[in-house]
Amino acid sequence: MERNNKIKILLYEDNPDLLYTLSQMVKSCADFRLMGALPDAGNILNEVGLHRPDVILMDIDLPVISGKEALKKVKQHYPDVEVIMLTVFDDNANIFECILSGASGYLLKITPPEKIIEAINEVKEGGAPMTPMVAKKVLQLLPKTLGETKKSVHLTPREVEVLTWLTKGYSYKMIANELQLGIETIRFHIKAIYKKLHVNSVSGAVSKAITDKLV
């Protein structure tokens, strides 16, 4: 990947040791460019405006303002920036709130560095990475009223399949592998899902799936 095409990353973590570890992880990847590593998100809008990151890795439990509040600010003013939440919490309330606020992924801090690197790449490919434990909790939040969903928003059976995989945190490529379809076919289905749900992102589709009982 050429330098200009590197994925630009901002880090927010108040634990100095973890912030250092994450910084070294990002610096070690040839395809990544570390734009900043900060202990709080009190000035996050100015920092995002200055550095224009592609992806933010952010602790949910930050001082000054919480990661959840910082996420909302970023998605309101910079909706195209992908935000992956890093946390020690895997409770339903935090997961639900972050997904509804537009988080692109939700990973536990015990996630191995290589998996965090994969997650950063996934969000740039249209995925919504989550650890298996978090993905399971997300699925528990989703009502099982599939019949009502098809009737209300007229999703095709294939679109329901694709949307279900999106809620599990799968990227376009992973969904294509699961359904044994070409990635362009998956893009076609996801574009149709976005149009029907009146959203323009994976996090938007997942949020809609939760709030409107879509899968």
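Being a predicted model, the structure only gives us computed values, none of them experimental. (Residues numbered from 1 in each chain as written. Predicted model: local features only at pLDDT ≥ 70, side-chain atom pairs only at ≥ 80, totals over all residues. Heavy atoms only, no water.)

Novice: Account for the overall build of the chain, naming residues and giving values.
Specialist: Counting secondary structure elements, the chain contains 11 helices and 5 strands. Here the analysis covers contacts within the chain between residues at least 6 apart in sequence; of these, 66% occur between residues at least 24 apart. Summing over all exposed atoms, the chain offers an accessible surface of approximately 10600 Å²; the carbon and sulfur share of this is 52%. (Helix = DSSP H or I, 4+ residues; strand = E, 2+ residues; numbered from the N terminus. Contact = heavy atoms within 4.5 Å. Areas by Shrake-Rupley, 256 points an atom, 1.4 Å probe, with all protein chains shown as cover.)

Novice: So what's going on with the packing of helix α9 (residues 172-179) against helix α10 (residues 183-197)? Which residues, and what values?
Specialist: The interhelical angle for the contact between α9 and α10, taken along N-to-C directions, is 110°, at an axis separation of 9 Å. Judged by the angle between their axes, α9 and α10 are roughly perpendicular. Crossing geometry of α9 relative to α10 is assigned as right-handed. Here Y172, K173, I175, A176 and L179 of α9 lie close against α10, whose contacting residues are I183, I186, R187, I190 and Y194. Residues that form the contact of α9 with α10 fall into these classes: 8 nonpolar, no polar and 2 charged. (Axes fitted to C-alpha atoms, helices over the stretch in contact; angles between N-to-C directions. Parallel < 35°, antiparallel > 145°, perpendicular 65-115°, else oblique. Left-handed = near helix turned anticlockwise from the far one by under 90°. Nonpolar A, V, L, I, M, F, W, Y, C, P; charged D, E, K, R; others polar.)

Novice: Outline the pattern of salt bridges, listing residues and values.
Specialist: Enumeration over the complete set of coordinates arrives at 7 salt bridges. Its salt-bridge partner being K109, residue D59 comes within 3.2 Å of it at the nearest N-O pair. Taken as a pair, D59 in strand β3 (residues 55-59) and K109 in the loop between β5 (105-108) and α5 (113-124) lie far apart in primary sequence, 50 residues in all. According to the relative accessible area criterion, D59 is buried, its value standing at 3%. Taking the shortest distance from any N to any O, the salt bridge between K115 and E118 comes out at 3.8 Å. (Salt bridge = Lys/Arg side-chain N within 4 Å of Asp/Glu carboxyl O. Buried < 20%, exposed > 50% of the residue type's maximum accessible area, 1.4 Å probe, protein only.)

Novice: Outline the packing of aromatic side chains, supporting the account with residue identities and numerical values.
Specialist: Evaluated as defined, the whole model comprises 1 aromatic pair. Each ring, one from W165 and one from Y170, has its centre 4.6 Å from the other, and the planes form 45°; the classification is tilted. According to the relative accessible area criterion, W165 is buried, its value standing at 18%. (Phe/Tyr/Trp six-rings, centres within 6.5 Å; stacked < 30°, edge-to-face > 60°.)

Novice: Which residues make up the pairing of β5, and what values go with them?
Specialist: Burial along β5 is two-sided: G105 and L107 facing one way and Y106 and L108 facing the other are all buried. Where strand β4 (residues 82-87) meets β5, 4 bridges bridge the pair, whose relative direction is parallel. Following the sheet pairing, L86 is matched in β5 by L107. (Pairing = 2+ DSSP bridges.)

Novice: How would you summarise the environment of L22 if you had to cite specific residues and measurements?
Specialist: Note that L22 resides in helix α1 (residues 16-27). Sequence separation between L22 and Y12 is 10 residues; the distance between their C-alpha atoms is 9.7 Å. If we ignore the near neighbours within four places in the chain, the residues touching L22 are L11, E13, L86 and I116.

Novice: Let's hear about the pairing of β3: which residues, and what values?
Specialist: Across the 5 residues of β3, 5 count as buried, placing the element largely inside the fold. The alternating pattern of β3 places V55, L57 and D59 and I56 and M58 on opposite faces, both of which are buried. Examined bridge by bridge, strand β1 (residues 7-12) and β3 share 4 bridges and lie parallel to one another. Its bridge partner lying in β3, L11 is registered against L57. With 5 bridges connecting them, β3 and β4 associate as parallel partners.

Novice: Please give an account of the sheet that holds strand β2 (residues 32-38) that cites residues and values.
Specialist: Pairing within the open sheet is parallel, and its 5 strands lie in the order β2-β1-β3-β4-β5. In this open sheet, the two strands that pair with only one neighbour each are β2 and β5. Strand-to-strand twist across the sheet, computed as the mean angle between neighbouring axes with direction ignored, equals 20°. Set on the sheet, α1 makes contact with β1, β2, β3 and β4; between it and β2 the angle comes to about 165°.

Novice: Give me the lowdown on the packing of helix α8 (residues 157-167) against α10, citing residues and values where you can.
Specialist: With their axes 10 Å apart at the nearest point, α8 and α10 run at an angle of 90° to one another. Taken together, the axes of α8 and α10 are roughly perpendicular relative to one another. Each of R158, E159, V162, L163 and L166 in α8 lies in contact with α10, whose residues at this interface are I186, H189, I190, A192, I193, K196 and L197.

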